[in-house]
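Residues per chain, in single letters:
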Amino acid sequence: MCRNIRPLFNFEPPATEAEIQAAALQFVRKISGFNQPSAANREAFEAAVAAITANAQTLLAALQTTSPAKDRETEKHKAQARNVQRFGS
């Protein structure tokens, strides 16, 4: 959906509150069509970000897996390799 939203589940160290909030902000921006809401929409925009952040935290805390936690650096290098293969160096 939005290239700036990254998977946050099953990483070591776990996703921080700031990462979850940033993903929620990107989601609200995407579905609202606003990068920065007008003064008339600011309250609704910020309430949506807060609600989605809280729900995402609840979801991440409730999810379970038997897979080992992924390493952020390893995943970063894999993504960079995919980009080089896709777009060149």
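Procedures and definitions
- Residues numbered from 1 in each chain as written.
- Predicted model: local features only at pLDDT ≥ 70, side-chain atom pairs only at ≥ 80, totals over all residues.
- Heavy atoms only, no water.
- Helix = DSSP H or I, 4+ residues; strand = E, 2+ residues; numbered from the N terminus.
- Rg over C-alpha atoms; globule rule 2.2 N^0.38 Å.
- Buried < 20%, exposed > 50% of the residue type's maximum accessible area, 1.4 Å probe, protein only.
- Contact = heavy atoms within 4.5 Å.
- Areas by Shrake-Rupley, 256 points an atom, 1.4 Å probe, with all protein chains shown as cover.
- Expected span 1.5 Å × (residues − 1).
- Arc of directions from axis to C-beta.
- Core = buried A, V, L, I, M, F, W, Y, C linked by side-chain atoms within 4.5 Å.
- Axes fitted to C-alpha atoms, helices over the stretch in contact; angles between N-to-C directions.
- Parallel < 35°, antiparallel > 145°, perpendicular 65-115°, else oblique.
- Left-handed = near helix turned anticlockwise from the far one by under 90°.
- Nonpolar A, V, L, I, M, F, W, Y, C, P; charged D, E, K, R; others polar.
- Salt bridge = Lys/Arg side-chain N within 4 Å of Asp/Glu carboxyl O.

A.B. asks: How do you make sense of the overall build of the protein chain when you look at a structure like this?
C.D. replies: When its secondary structure is counted, the protein chain shows 3 helices and 2 strands. Listing every helix and strand of the protein chain by position from the N terminus yields β-α-α-β-α. Relative to the globule expectation of 12 Å for 89 residues, the C-alpha radius of gyration of the protein chain, 16 Å, shows a markedly less compact shape. Looking at the protein chain residue by residue over its 89 residues, the buried ones come to 17%. For the protein chain, the share of sequence-separated contacts (at least 6 apart) that also reach a separation of at least 24 residues comes to 66%. Here the protein chain displays about 6800 Å² of accessible surface, and carbon together with sulfur accounts for 54% of that area.

A.B. asks: Quick question: what am I supposed to make of the environment of Ile 20 here?
C.D. replies: Position of Ile 20 relative to the elements: it lies in helix α1 (residues 17-32). It is 12 Å that separates the C-alpha atoms of Ile 20 and Ala 61, two residues lying 41 residues apart in sequence. If sequence neighbours within four positions are ignored, Ile 20 has contacts with Leu 8, Ala 15, Thr 53, Ala 56, Gln 57 and Leu 60.

A.B. asks: Just to check I follow, could you spell out helix α2 (residues 42-62) for this structure?
C.D. replies: Each turn of an α-helix holds 3.6 residues, which means side chains three or four residues apart point in the same direction. Taking 1.5 Å as the rise per residue, α2 with 21 residues should run 30 Å; its terminal C-alpha atoms sit 30 Å apart, in good agreement. If you check which residues of α2 are buried, you get Phe 45, Val 49, Thr 53 and Leu 60. Projected down its long axis, α2 carries its buried residues within an arc of 75°, all on one side. Of the exposed residues in α2, those oriented more than 90 degrees away from the buried face are Glu 43, Ala 44, Asn 55, Thr 58, Ala 61 and Ala 62. The secondary structure elements touched by the buried residues of α2 are α1.

A.B. asks: What exactly am I supposed to notice about the nonpolar core here?
C.D. replies: For soluble globular proteins, the rule of thumb is that nonpolar side chains tend to be buried together. Among the nonpolar cores identified, the biggest contains 5 residues, and these are Leu 8, Ala 15, Ile 20, Ala 23 and Leu 60. When sequence neighbours within four positions are dropped, the list of residues in contact with Ala 23 reads Ile 5 and Leu 8.

A.B. asks: What's the story with the packing of α1 against α2 in this structure? I'm lost.
C.D. replies: The relative placement of two packed helices is expressed as an angle between their axes plus a distance between the axes. Close contact between α1 and α2 brings their axes to 8 Å; oriented N to C, the two are set at 130°. By the angle between their axes, α1 is oblique relative to α2. Relative to α2, α1 is oriented so that their crossing is right-handed. Across the interface between the two elements, Glu 17, Ile 20, Gln 21, Ala 24, Leu 25, Phe 27, Val 28, Arg 29 and Ser 32 from α1 touch Phe 45, Ala 48, Val 49, Ile 52, Thr 53, Ala 56, Gln 57 and Leu 60 from α2. The residue inventory of the contact of α1 with α2, partitioned by class, reads 11 nonpolar, 4 polar and 2 charged.

A.B. asks: Is there a simple way to think about the pattern of salt bridges in this case?
C.D. replies: If the charged atoms of two oppositely charged side chains come close together, the side chains can form a pair. One pass over the full model with this rule turns up 2 salt bridges. Put simply, Arg 72 and Glu 19 hold a salt bridge, and the shortest N to O gap is 3.2 Å. Residue Arg 72 is found in helix α3 (residues 72-87), and its partner Glu 19 is found in helix α1; the two are separated by 53 residues along the sequence. Owing to a relative accessible area of 29%, Glu 19 belongs among the partly exposed residues under this scheme. Between Glu 75 and Lys 78 there is a salt bridge, with its nearest N and O atoms 3.4 Å apart. Placement of both Glu 75 and Lys 78 in helix α3 is noted, with a separation of 3 residues, approximately one turn of the helix. The class for Lys 78 is partly exposed, based on a relative accessible area of 42%.

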